[in-house]
Amino acid sequence: MNRIAYIFFILIILQGCSGNNSQNRRIPVARAGKVTLYYDEIPQQILESARTTDSVSVISNYINKWARQELLYQKAEANLSAADRNSIEKQLMETRLDLVIYEYQRMMMLQKMDTVISSTELSEYYETNSGSFNLNTNIVKALFIKLPVETPNLSRIKYLARSASQKDLQELESLCFQFAEKFDDFNEQWITFDRLLFEMKEQITDQENFLRRSGFYEKSDSSSVYLVVINDYRLRGTLAPFEYAKEDIKRIIWNNRRLEFLQTLENGIYNEAVQGNGFKIF
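The paragraphs below set out a description of the structure included in this document.

Rules used in this analysis
Residues numbered from 1 in each chain as written. Predicted model: local features only at pLDDT ≥ 70, side-chain atom pairs only at ≥ 80, totals over all residues. Heavy atoms only, no water. Pairing = 2+ DSSP bridges. Helix = DSSP H or I, 4+ residues; strand = E, 2+ residues; numbered from the N terminus. Axes fitted to C-alpha atoms, helices over the stretch in contact; angles between N-to-C directions. Contact = heavy atoms within 4.5 Å. Phe/Tyr/Trp six-rings, centres within 6.5 Å; stacked < 30°, edge-to-face > 60°. Buried < 20%, exposed > 50% of the residue type's maximum accessible area, 1.4 Å probe, protein only. Lys NZ or Arg CZ within 6 Å of the ring centre and 35° of its normal. Parallel < 35°, antiparallel > 145°, perpendicular 65-115°, else oblique. Nonpolar A, V, L, I, M, F, W, Y, C, P; charged D, E, K, R; others polar. Left-handed = near helix turned anticlockwise from the far one by under 90°.

## A closer look at the sheet that holds strand S5 (residues 216-220)
Line of reasoning, step 1. Taken together, four strands build an open sheet; the order of strands is S4-S3-S6-S5 and the sheet is antiparallel. Every interior strand has two partners, whereas the edge strands, strand S4 (182-192) and S5, have only one. Ignoring strand direction, the axes of neighbouring strands in this sheet form an average angle of 15°.
Line of reasoning, step 2. Where strand S3 (residues 139-148) and strand S6 (residues 224-234) come together, ten bridges link them in antiparallel fashion. Bridge pairing in S6 places Leu143 opposite Val229.
Line of reasoning, step 3. The strands touched by helix H7 (residues 166-179) are S3 and S4; relative to S3, the strand with the most contacts, the crossing angle is about 50°.

## As for the pairing of strand S1 (residues 28-32)
A regular strand places its side chains on the two faces of the sheet in alternate fashion.
Line of reasoning, step 1. Pairing of S1 with strand S2 (residues 35-38), which is carried by four bridges, proceeds in the antiparallel orientation. Across the sheet, Ala32 pairs through a bridge with Val35, a residue of S2.
Line of reasoning, step 2. Count of turn residues in the S1/S2 antiparallel hairpin: two residues, of which Gly33 carries a positive phi of about 60°.

## Some thoughts on the packing of aromatic side chains
Line of reasoning, step 1. Counting across every chain of the model gives seven aromatic pairs.
Line of reasoning, step 2. Between Tyr270 and Phe279, the aromatic rings sit 5.5 Å apart at their centres with planes inclined by 50°, giving tilted as the arrangement.
Line of reasoning, step 3. The exposure class of Tyr270 is partly exposed, given its relative accessible area of 46%.
Line of reasoning, step 4. Overall, the relative accessible area of 37% leaves Phe279 in the partly exposed class.
Line of reasoning, step 5. Taken together, Tyr125, Tyr126, Phe133 and Phe242 form an aromatic cluster joined through their ring pairs.
Line of reasoning, step 6. When the ring centre of Tyr226 is taken as reference, the NZ or CZ atom of Lys219 above it lies at 5.4 Å.

## Some thoughts on the packing of helix H5 (residues 119-128) against helix H10 (residues 242-275)
Line of reasoning, step 1. Their axes nearest at 9 Å, the elements H5 and H10 cross at an angle of 100°. Compared by their axis directions, H5 and H10 come out roughly perpendicular. Touching Glu121, Leu122, Ser123, Tyr125 and Tyr126 of H5 are Phe242, Ala245, Lys246, Ile249, Lys250, Ile252, Ile253, Asn256 and Arg257, all from H10.
Line of reasoning, step 2. For the contact of H5 with H10, the class distribution of residues is eight nonpolar, two polar and four charged.

## Digging into the packing of helix H6 (residues 154-162) against H7
Line of reasoning, step 1. In the contact formed by H6 and H7, the axes pass within 8 Å of each other and the chain directions differ by 135°. The orientation of H6 relative to H7 falls into the category oblique. Of the two elements, H6 crosses H7, and the hand of that crossing is left-handed. Here H6 contributes Arg156, Ile157, Tyr159, Leu160 and Ala161 to the contact with H7, which in turn contributes Asp168, Leu169, Glu171, Leu172 and Leu175.
Line of reasoning, step 2. Residues of the contact of H6 with H7, tallied by class, amount to seven nonpolar, no polar and three charged.

## Remarks on the pairing of S5
Line of reasoning, step 1. Here S5 shows a clear split, with Tyr217 and Lys219 buried on one side and none of Phe216, Glu218 and Ser220 buried on the other.
Line of reasoning, step 2. Alignment of S5 against S6, held across five bridges, turns out to be antiparallel. Considered in S6, the bridge of Phe216 is made with Val229.
Line of reasoning, step 3. Hairpin geometry of S5 and S6 is characterised by an intervening segment of three residues between the two adjacent antiparallel strands.

Here you go:
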């Protein structure tokens, strides 16, 4: 039997028999230079995978990868200068400092920061900072339909698409459900005009002029007919509608609240240390 497979199966047997003694007896699996790999250091997912697939290959690959990395690390550590090692230690300390602080801040935010943003707060921020929400792209509310060229009653569908009657729109939806390759109703939400042009497979250089004069647009190719009904639009450079800017406002308010919370947390810890003589300048 392959040596690695033999060792692996012996380890499984020993693990099953050791019970509570596993805390006191560590089983060595391999050695690379000055370092020994123990059975309890092998990740659980590797052990599970070895039990369900080719155990020899899985364990062998893991041990070889571990050995290569460990031997390379030991060689690098032995050949780095003292200055390089000191630089690495400093970076490790700074990284640990950042990670510990980050985890503590995240824990405190989850426990104590108010994350509820009311509709009133959103609208007030929008009105107060309206100059910050000018559009950098054209946006529309529109209906987009893509149909095969052989679709029956195509003229009826075109008529229904331009109708404002709720009954006609219901009939349109029914017909599109039967025949349309794509039917997107964006009348209740703002989307970028570029997104609509992508669906239309169209390039329009003067978008502003197109939007001003075109409430209904139709084009076709060898296989499909594209219908677009633009019911509302806003041009770049103008104030974004509140509904379109709302998610950005949420992110801004949340981020401002987060920064304020973290600053208050930091100030509180600092002031507490100063008052309790936990901080002193020599």
